[in-house]
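Given next are the chains, with one letter for each unit.
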Amino acid sequence: MALAGASVLAALAMIVIVAPLVFALDPTAIHRQHILEAPSGRFPFGTDQLGRDVLARVVAGARVSLLVGGTAVLLGGVVGVASGLLTGYAGGVADAIVMRVWDVVLAFPGALLGIAAATAIGPGMASVIAAGALTGLPYFSRLARASAFVEREREYVLAARSLGARPGWILTRHILRNALAPILVQASNLVGQAILLEAALSYLGLGIQPPNPSLGTMLSEAQTFLGIAPWYPMLPGLMLVVLVISANFLAEGANAALSRRRARRG
Amino acid sequence: MWRYVLGRVWQVGVVLVLASVAVFLLIRLLPGDPALVYAGPDASNSVIQSVRVQMGLNAPLVTQYLIWAHHALVGDLGRSFANDYPVIQLLEERLPATMELAVAALVLALLVSLPLGILAAVKQASLVDYLVTGVSGLGLAVPTFWFGFVLILLFAIRLHWLPASGYAAVTADPSAFLGHLLLPASTLSLPVTCALTRFVKTAFADILDMDYVRTARAKGLSSPAILVRHELRNALISVVTVVGLDAGRLLGGAVIIESVFAWPGVGRLLLLAILNRDYAVIQGGLLMFVTAFMLINLLTDVSYGLFDPRVRIGGAPTG
């Protein structure tokens, strides 16, 4: 299942990156004679209210979804892991303060973080990525902190320290390496959620701004046409479902692999 | 028990104070002068100066926060930049609609997930189990607002059973109220229903393996009796915690779903406020949501302590 998820995700990534290079898929080209046309040979996903190719826009939107989802998780992961490792290893006041700060972030559901980010830096790709990164950050930080807490008492760390290794070296070479597997599982868990958050915020007008294609903004434009052109609001949503399901499969597989490894170690 | 409750109150209080600082700073540290925004683009220098004094913007940041927090505590969240209404009044007008939506979604989620989750746990590794687990997994990957599209297409446009959007007050017309409520509430409940179903299944499956359940069965107790007397009680303890967390998720989700169905709640108010740069309303709305969210968490923790004595003796639950 994880393999299926990973391969579908990889295939989709390839398609959304390569397809525009091979086929003439222009998400902004307007075909005036083809307004809200049902799916056909020429337009497999039909056309929208301006006569744009829905397939081209779905492909472009999926690219934005993957880009935003990936960047948000990467950003949240790097900042979260770094802060968790540092404060977990150091302990004391810094640790207490940073953990409190993440508690405060956790007090805001994702949609509210999106509203806050859109208010602070204006609606756009940056605000969506910031909101996505913030939702994941506390989890990464707690995970890394827990690892640092456990590992810093282990003999090998004591040995490294007594040999004169600097904290930076110990953190990256020893502790991070041991904490990496659960962190990667967590990252794969969060990609799907980040994609869903981007879609929701863009749908509300707090994310990617038109005319840039995003599955969320497409859906907010398409909602009006539910009655007369149902394929138009349905297909971008289905694309999102496929993206998120494959990300979730990947996460479940990663999770299973991790627990198998833990079970083997005893 | 009191020790445990006080500990939780203290922790929640600290987070709440810090969250209010964050909400305050979010607006105050924005580029641009709030007085300029409030007074409008054509205001003269002297008007801006008087607005500045009136809003207390000349005081140090800490003093400003303390004044703002003090006002918020007594229910004064300032006035809307857009229409000069008191923010608290705007929120009070919109809050009932959001609460109706969130509560209805929670009830729906419980009504669906408890029986399905228990069924999947009792009939483990059967077709029913795979179906329930599979469908709930699918539901978690569906964008919630888009699920609303699907429901509108099906039940409003194709079948004409329910209205596609809008709102009716329960006092004016109870049946119209329910008709308008059903689609948005079902939409909002989707992710919570799916997550809860999976959780209930796991919670019950774990308890089915417990020694005391096996003992009860060996004593010859019938399956339904075991289910009700031994399992339900214990599994519900953990379910309560998750429901508490989900209640907060429902509030956040309502902000999005209200837009799909033109539901006149706080979420719509906030979105409009962002478009208008109505910072007083954004600030008040965020503060209200965070407070509600933290209070729900507190209630959850306290009820958890009531149900499970181990929690209150062992101190606060970790994490």
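Predicted model only: the values in this text are computed from it and were never measured.

Student: Can you help me understand the packing of helix 4 (residues 110-121) of chain A against helix 12 (residues 279-307) of chain B in this one?
Tutor: For any two helices packed against each other, the geometry is given by the interaxial angle and the distance between the axes. Following both chains from N to C, one finds helix 4 of chain A and helix 12 of chain B inclined at 155 degrees, their axes separated by 11 Å at the closest point. Accordingly, the angle class assigned to the pair helix 4 of chain A and helix 12 of chain B is roughly antiparallel. In the packing of helix 4 of chain A onto helix 12 of chain B, the handedness of the crossing is left-handed. Along its contact with helix 4 of chain A, which presents A:Leu112, A:Ile115, A:Ala116 and A:Thr119, the element helix 12 of chain B presents B:Tyr279, B:Ile282, B:Leu286 and B:Phe289.

Student: Could you clarify how one ought to interpret the packing of aromatic side chains in this entry?
Tutor: Each aromatic ring pair is specified by the distance between its two centres and by the angle formed by the two planes. Applying the stated criterion to the full structure yields ten aromatic pairs over all chains. Ring plane angle 90 degrees and centroid distance 4.7 Å describe the contact between B:Tyr167 and B:Trp263, whose orientation is recorded as edge-to-face. Of this pair, B:Tyr167 sits in the loop between helix 7 (144-158) and helix 8 (174-208) while B:Trp263 sits in the loop between helix 10 (223-260) and helix 11 (266-275), and the two are 96 residues apart along the sequence. When its relative accessible area of 30% is taken as the criterion, B:Tyr167 is described as partly exposed. Among the aromatic residues, ring-to-ring pairing joins A:Tyr203, B:Phe145 and B:Phe149 into one connected group. The ring centre of A:Phe149 lies 5.0 Å from the NZ or CZ of A:Arg145, which sits over that ring.

Student: In this structure, what is going on with the pattern of salt bridges? I would like to understand it.
Tutor: Any two side chains of opposite charge can pair, given that their charged atoms come close. Residues and elements named next belong to chain A. The final tally for this structure, using the stated rule, is ten salt bridges over all chains. For Asp48, the salt bridge goes to Arg57, with nearest N and O atoms at 3.8 Å. Taken as a pair, Asp48 and Arg57 share a single burial class, namely buried. The shortest N-O distance in the salt bridge between Glu221 and Arg52 comes to 3.3 Å. With a gap of 169 residues between them, Glu221 in helix 8 (residues 215-222) and Arg52 in the loop between helix 1 (2-22) and helix 2 (54-90) connect regions that are remote in the sequence. Its relative accessible area of 6% is what places Arg52 among the buried residues. A single network of salt bridges, built from pairs that share partners, joins Asp48, Arg52, Arg57 and Glu221.

Student: Help me understand the domain arrangement of chain B in this model?
Tutor: You'll often see interface size given as the accessible area lost when the parts meet. Residue and element names in this part refer to chain B. According to the domain assignment, chain B consists of domain 1 (2-73) and domain 2 (91-312). Using only C-alpha atoms to locate each centre, domain 1 and domain 2 end up separated by 33 Å. Every contact between the two is made by 17 residues of domain 1 and, on the other side, 14 residues of domain 2. Scanning the region where domain 1 abuts domain 2 turns up one salt bridge. Residue Arg8 is joined to Asp301 by a salt bridge in which the shortest nitrogen-to-oxygen separation is 2.4 Å.

Student: What is the right way to read the environment of B:Ser303 from this model?
Tutor: All names here are of chain B. Among the structural elements, Ser303 can be located in helix 12. Separated by 66 residues in sequence, Ser303 and Ile237 have C-alpha atoms that sit 8.8 Å apart. A polar contact is formed between the side chain of Ser303 and the backbone oxygen of Thr300, at a distance of 2.8 Å.

Student: Teacher, can you tell me more about unusual backbone geometry here?
Tutor: A negative phi holds for most residues other than glycine; trans holds for most peptide bonds. Residue and element names in this part refer to chain B. A positive phi angle, close to 50 degrees, is found at Ala262, a residue other than glycine. Take Ala262: it is sitting in the loop between helix 10 and helix 11. Overall, Ala262 belongs to the partly exposed group, its relative accessible area being 34%. With a phi angle near 50 degrees, Arg277 is a residue other than glycine that sits in the positive phi range. Take Arg277: its relative accessible area is 51%, and that puts it in the exposed class.

Reading guide: rules and limits
Residues numbered from 1 in each chain as written. Chains lettered and ligands numbered in written order. Predicted model: local features only at pLDDT ≥ 70, side-chain atom pairs only at ≥ 80, totals over all residues. Heavy atoms only, no water. Axes fitted to C-alpha atoms, helices over the stretch in contact; angles between N-to-C directions. Helix = DSSP H or I, 4+ residues; strand = E, 2+ residues; numbered from the N terminus. Parallel < 35°, antiparallel > 145°, perpendicular 65-115°, else oblique. Left-handed = near helix turned anticlockwise from the far one by under 90°. Contact = heavy atoms within 4.5 Å. Phe/Tyr/Trp six-rings, centres within 6.5 Å; stacked < 30°, edge-to-face > 60°. Buried < 20%, exposed > 50% of the residue type's maximum accessible area, 1.4 Å probe, protein only. Lys NZ or Arg CZ within 6 Å of the ring centre and 35° of its normal. Salt bridge = Lys/Arg side-chain N within 4 Å of Asp/Glu carboxyl O. Domains from an automatic or database assignment. Polar contact = N/O pair within 3.5 Å; in protein donor to acceptor, adjacent residues only side chain to side chain.

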